[in-house]
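Overview (structure and organization)
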Amino acid sequence: MASLRVRQILLEVLAFDQPDPPGLEGDTVWRRLCTSATKAVPVSGAGVALMTPAGHGGTLAATDGPASVMENLQHTLGEGPCLNAFRDQRPVLEHDLARAAVRWPGFVPAATEAGIAAVFAFPLQVGAIRLGVLDLYRDTPGPLDNLQLGEALDYAAAATTILLDLQHDASAGGLHPQLADAADSHRAIHQATGIVTVQASVDLNDALLLLRARAYAEDRSLLDLAQQVVARKVTFHPLHAEDDHE
Amino acid sequence: MSREQRLAQVFVELADTLVDDFDVLELLHTLCERSVELLEADAAGLILADQRSVLHVMASTTEEAKVLELFVLQNDEGPCLDCYSTGERMVNIDLSEVEQRWPRFRDATITAGYRSTHAIPLRLRGQVIGVLNLFCVERSTLSEADVALGQALCDIATVGLLQERTVRRAEVLAEQLQSALNSRILLEQAKGVLSERAGISVDEAFVLMRRHARRNRQQLRLVAGGIIDGAIPASELTSGGD
C-alpha cells in the first residue's frame, strides 16, 4: 500500500524545503496536495473533504473555481460522486458527467453549468473506517487511463496518511486544528438540524432532508439557510402544518 | 563512480528501505551511515524527541559508549538541544570555539576525538521532531550544497517516521478521528435541539450543556446524546440556576 510514489507525494506536499509560513496556515498542506494532484494526474482541479455519516463534513481545501463549486454543491444537495464514493467505499469514476443526470439529478446540471465534465472521487479510508474523499474533476469528458488512475489512488493514500498523522498530533478525543477548522465551517448546519428536529417534530435525518429540500427549492446554499435557521430568521413547522413561513 | 551517481544510488537505497514492511530503525541507521559518507563526517546519530521533549538516540553509526554519551549529554546542552529548540540548522561548528557556550559538551566531544559537529533538524509542519547530529574528526567545512543534501536526507527520514507512526497505528488513529468528527456533529445538533426547546441561543445552550456535564461528571458527548434522544429534558438543564 505504501508505495514509493506516495512518499514522493508526501515529500512534495509537506514541502520541507520551503520555510514554513508564519503561523502555518491550517490548509497549506491540503492546498498543496490539491494543486499537486491537479498537475500530476492531470485534471482541471481537485478538492479534499472530510466526510461523516451526516454527509459532507467540511472542505479541507479545493483548487480555485469549479472545484469549490463541486464541494459546495455536494454538501448542499447531499448527493454527488463524493457521497457515493464515501458510502460505497470505492472510487466513483464518472468520465462523462452529462450521462449521470439520472444518478445525481441535482448535482449534474449545476456541476455541468460550472464547467465540470468529468468527476473522479476517491475515498480516504482505512479498512472500513471512512474519513473523507479526494475529488478530482476535468472540464472535458473522458476516462482516466491506468497510469492516471494509479496516480490518483496514490494521492488519496497520501491524503489519508496526512489525515492520520494530524490525528496522531491531536489531543485525546479532539481534532487537530487543521481539521477542526474545516469541521467548524459546517457547525451551523448541524445546529440547524437540531433546531429543525424540534420545530418540525422529525428525527435528525429527516430534519437534514427538510433543510436540504428547502435550500434546493430556494436556490441557496445549505450553509446559508442553516445560518438563517440558527439566527431564527427562518422557521420550520411540523409537516402537517401547511404554512412554513413566519 | 561520480558523486551524482553515488547520490542517486543512495536515494534509491533509502527508498528501498521504505518499501512494504519496512523497518523504520533500519531506515534511520542507513540514513546515519550515508550521511556520514556523503557529508564526510566520522560519526552520526539520529535523535528523536519524545512527547515530553526528551531527546533519544534512535540510530547511530557507532555503539561506542563515549559517542552515545555525547547524544545523551545534549539533553542539557549542545547543538542538538539548540537545533531542536530553535529549528535552525547548526553546521560547521568548531569545538574550539564553543567552550563558553557548551562547556560539558565540548569537553566530552574532544575527549571522544572529534573537532567539529553539525546538527540538522527533522521538521514536520513547523515542528522539530528530531535532529541528525554529525561529528567529524577534522574541522569540517560543509558547502551550501552539502547542507542542502543533509537536509534532504533528513526530510526522507521524516517521511519514513510519519509513515511508520501512521501505518502502525492506522486503525486506531482512523477510529479516533472518525469518532472525534462524529461527536462534534452530535454536539452541534444537541446545541440546536436544546436552544429550540429552551428558547435560548445555541451559545447559551452550550453553556448549559457544559454545566450539566461538569455537575454530573458526565462526558459532554453523552449529555449531547441524552438531549437529542430526550433522555435529558431541557428543563433539567435550564433549572438549577447558576
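Residues numbered from 1 in each chain as written. Chains lettered and ligands numbered in written order. Predicted model: local features only at pLDDT ≥ 70, side-chain atom pairs only at ≥ 80, totals over all residues. Heavy atoms only, no water.

Before going further, it helps to examine the pattern of salt bridges. Overall, the coordinates contain 21 salt bridges over all chains when judged by the stated rule. Arg 184 of chain B is the salt-bridge partner of Asp 184 of chain A, the closest N and O atoms lying 2.7 Å from each other. One end of the pair, Asp 184 of chain A, is in helix α7 (residues 177–184); the other, Arg 184 of chain B, is in helix α7 (residues 170–198), on a second chain. Residue Arg 184 of chain B is classed as partly exposed on the basis of its relative accessible area, which comes to 26%. With its nearest N and O atoms 2.7 Å apart, the salt bridge here joins Glu 218 of chain A to Arg 220 of chain A. (Salt bridge = Lys/Arg side-chain N within 4 Å of Asp/Glu carboxyl O. Helix = DSSP H or I, 4+ residues; strand = E, 2+ residues; numbered from the N terminus. Buried < 20%, exposed > 50% of the residue type's maximum accessible area, 1.4 Å probe, protein only.)

To continue, consider the domain arrangement of chain A. Residues and elements named next belong to chain A. Domain parsing of chain A yields domain 1 (4–175) and domain 2 (187–230). Once you take the C-alpha centre of each, domain 1 and domain 2 turn out to be 25 Å apart. Looking at the side of domain 1 facing domain 2, the largest losses of area belong to Ala 54, His 75 and Thr 76, adding up to 66% of the total buried there. Along the contact surface separating domain 1 from domain 2 lie 3 residue pairs in polar contact (both at pLDDT 80 or more). Here the residues of the side of domain 1 that touches domain 2 sort into 2 nonpolar, 4 polar and no charged. (Domains from an automatic or database assignment. Buried area = accessible area lost by both parts, 1.4 Å probe. Polar contact = N/O pair within 3.5 Å; in protein donor to acceptor, adjacent residues only side chain to side chain. Nonpolar A, V, L, I, M, F, W, Y, C, P; charged D, E, K, R; others polar.)

Moving on, we get to the interface of chain B and chain A. Taken together, the contact between chain B and chain A spans 42 residues of the former and 48 residues of the latter. Interface of chain B and chain A: buried area, both sides summed, is about 4,200 Å²; carbon and sulfur atoms make up 65% of it. Our count for the contact surface shared by chain B and chain A stands at 5 salt bridges. Across the pair Asp 165 of chain A and Arg 165 of chain B runs a salt bridge, and its minimum N-O distance is 2.6 Å. The interface formed by chain B and chain A contains 10 residue pairs in polar contact (both at pLDDT 80 or more). (Contact = heavy atoms within 4.5 Å.)

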